[in-house]
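Here's the letter readout for the chains.
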Amino acid sequence: MNIFIKNTAEKFLLLKPLKNIIVFESNPDFTDNSRALFDEMIKRKVNDNFLLLWATHNSSELPNDLKNIKNVEFADINSFKYKYYYSYYARAFAVSNIFLNKRREEQYYIYLAHGAAFKAIKDKRYSLPKECYGCDFCAYSEFSGKYDAENLNANVNDVNIIETGYPRNDVLFEKNNKCKALFNTEKYIYWLPTFRQKSGDNSSVSSISIPFIYNSEDLEKINNTADESNITLVIKPHPAQDLSKIKINNLSNVKFIDESFLTENKVSNYEVLADSCALLSDYSSVFYDYLLCDKPIGFCWEDYEIYVKNEGINPDLIEFTECGDKLFTADDLCAFIKDVTLGNDKLKEKREEIKNKVHKYTDSNSASRIVDYLISKKVIK
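Residues numbered from 1 in each chain as written. Predicted model: local features only at pLDDT ≥ 70, side-chain atom pairs only at ≥ 80, totals over all residues. Heavy atoms only, no water.

**Q** I tried to follow the overall build of the chain on my own but got confused; where do I start?
**A** When its secondary structure is counted, the chain shows 13 helices and 13 strands. Counting every position in the chain, which comprises 381 residues, the buried fraction comes to 52%. Contacts spanning at least 24 positions in sequence make up 70% of the contacts within the chain whose residues lie at least 6 apart. For the chain, the computed accessible surface area is about 18,000 Å², with 47% contributed by carbon and sulfur atoms. (Helix = DSSP H or I, 4+ residues; strand = E, 2+ residues; numbered from the N terminus. Buried < 20%, exposed > 50% of the residue type's maximum accessible area, 1.4 Å probe, protein only. Contact = heavy atoms within 4.5 Å. Areas by Shrake-Rupley, 256 points an atom, 1.4 Å probe, with all protein chains shown as cover.)

Set out below in structure tokens:
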């Protein structure tokens, strides 16, 4: 389509009024903060008056649990219909991964985020687009929101920070124990390693894939410690992580899962997180969320110096890692597993202190707060 035809088509499209359409986006599709907000809207019957449209990256159909819900559809973000219909006529956008194109000034936009600031983003890959300056920006608190804005290469005054908390965290307050049955265990530690090496790509931010377990001897030692402690270690690698150097054997007490496991078992990543008895993290902001669970946290920092050199951690935020144990070796991890089993929780008070600094709200009402806010702004009714 040449520039003249494109510009003419756009002028024609802009002549027609907005429609009652709310566009949702996440990656993976149908997940994260966007899904939690979507579920709250379904609960509050927003779909009686609005079409709830998922702008998808990789999905060829709606998940089974969404297929029979009134006024719920999906469209690939690269499809003609999305580009030249939904993006022009949607009244509102709720995104948590990428910034979809905002076609009109009067369209409402809320960025729900997929993680809070912790890493020091050194390039412009997450920059806030100019058309989204002034948009609403979901954050744990005003304190955390200013760092989130910086990570998007924006000034704190360029966005409207709304202190609601993340919708996906609401599930962390639910007690259902259904995930323990999936792993056939009474206790499990959930390990969410951040991205280090991309499969088929020369780019990497570390010389190792996942701390400790790339070494088969250490992996066996960790598995034996977990077995002796009657606890399971559940590992969900980053979707882009190259796992070719890790021998994923049939281990008794170390289980690897992926996004397909969650889909097949009809559970969310944060439901698995909620049922765990401790978290293993590293340079991911997931530990902020887990502070709401008041359970032990371990930071796997075997490659800390390399990671900080290549990717970086915001120096203003490094103090928050005082809420967890620093684990530099497989032996450190084994000691952490034993402490969790024995109930040796040395950092409980420090976690509480940091939680209260990061989070304005420590309840299960974040999604509801956002819907109430959208009603107050007359975005929805």
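**Q** Can you walk me through the pairing of strand E2 (residues 51–56) in this structure?
**A** Consecutive side chains along a regular strand alternate between the two faces of the sheet. Counting buried positions over the 6 residues of E2 gives 6, a clear majority of the element. Taking every second residue as pointing to the same face, both faces of E2 are buried, with Leu51, Leu53 and Ala55 on one and Leu52, Trp54 and Thr56 on the other. Bridging between strand E1 (residues 19–25) and E2 involves 4 bridges; their strand directions are parallel. Each residue of the ladder has a partner; that of isoleucine 22, found in E2, is leucine 52. Once the chain exits E1 it traverses helix H2 (residues 32–43) before rejoining the sheet at E2, and the crossover so formed is right-handed. Sheet topology places E2 next to strand E3 (residues 72–76); 5 bridges connect them, and they run parallel. Residue pairing across strands places tryptophan 54 opposite phenylalanine 74, the latter belonging to E3. (Pairing = 2+ DSSP bridges. Right-handed = clockwise from strand over helix to strand, strands pointing away.)

**Q** Is there a simple way to think about H2 in this case?
**A** Since there are 3.6 residues in each turn of an α-helix, residues three or four apart along the chain are aligned in direction. The terminal C-alpha atoms of H2, which comprises 12 residues, lie 17 Å apart, in line with the 16 Å expected from a rise of 1.5 Å per residue. Among the residues making up H2, those that are buried are Asn33, Ser34, Arg35, Ala36, Leu37, Phe38, Glu40 and Met41. Contacts from the buried residues of H2 go to E1, E2, E3, strand E4 (90–95) and helix H13 (366–376). (Expected span 1.5 Å × (residues − 1).)

**Q** So what exactly am I meant to see when it comes to the sheet that holds strand E13 (residues 325–327) here?
**A** The pairing of strands in a sheet happens through backbone hydrogen bonds and is either parallel or antiparallel. One open sheet accounts for 6 strands, arranged E10-E9-E8-E11-E12-E13; its pairing is parallel. Sheet topology places strand E10 (254–256) and E13 at the edges, where each strand pairs with a single neighbour. Going across the sheet, the axis of each strand differs from the next one's by a mean of 25 degrees, ignoring polarity. Across 4 bridges, strand E8 (residues 188–191) lies against strand E9 (residues 232–235) in parallel orientation. Bridged to isoleucine 189 within E9 is leucine 233. (Axes fitted to C-alpha atoms, helices over the stretch in contact; angles between N-to-C directions.)

**Q** What should I look at first to understand helix H12 (residues 348–358) in this one?
**A** Of the positions making up H12, those classed as buried are Arg351, Ile354, Lys355 and Val358. All buried residues of H12 lie within an arc of 105 degrees about the axis, which places them on one face of the element. Residues of H12 that are buried sit in contact with helix H4 (142–151), helix H9 (286–290) and strand E12 (297–300). (Arc of directions from axis to C-beta.)

**Q** Any chance you could explain the environment of proline 167 here in plain terms?
**A** Here proline 167 lies in the loop between strand E7 (160–163) and helix H5 (178–182). In the structure, proline 167 is positioned 128 residues away from aspartate 39 in sequence and 9.7 Å away in space, judged by C-alpha atoms. The contact partners of proline 167, leaving out residues within four places of it in the chain, are Asn33, Ala36, Leu37, Cys138, Ser366, Ala367 and Ile370.

**Q** Got a minute to help me understand the side chain of glutamine 107 in this structure?
**A** Structurally, the position occupied by glutamine 107 is in the loop between E4 and strand E5 (108–111). Within the local environment of glutamine 107, its side chain forms a polar contact with the backbone nitrogen of arginine 103, the two atoms lying 2.8 Å apart. Discounting chain neighbours no more than four positions away, the residues touching glutamine 107 are Leu18, Ser87, Tyr88, Tyr89, Ala90, Arg91, Phe93 and Lys102. (Polar contact = N/O pair within 3.5 Å; in protein donor to acceptor, adjacent residues only side chain to side chain.)

**Q** Whenever I open this one, the pattern of salt bridges confuses me. Can you help?
**A** If charged atoms from side chains of opposite charge come close, those side chains can pair. As enumerated under the stated definition, the model contains 24 salt bridges in all. Across the salt bridge formed by arginine 35 and aspartate 65, the nearest N and O atoms sit 2.8 Å from each other. Here arginine 35, found in helix H2, pairs with aspartate 65, found in the loop between E2 and E3; they are 30 residues apart in sequence, far enough to count as distant. We classify arginine 35 as buried; its relative accessible area is 16%. By relative accessible area, which is 49% here, aspartate 65 ends up partly exposed. A salt bridge links aspartate 363 to arginine 369, with the nearest nitrogen and oxygen atoms 2.8 Å apart. Judged by its relative accessible area of 24%, aspartate 363 falls in the partly exposed class. Three or more residues are tied together by salt bridges with common partners; here these are Asp294, Asp345, Lys348 and Arg351. (Salt bridge = Lys/Arg side-chain N within 4 Å of Asp/Glu carboxyl O.)

Function cannot be inferred from these measures alone, as they are strictly geometric.
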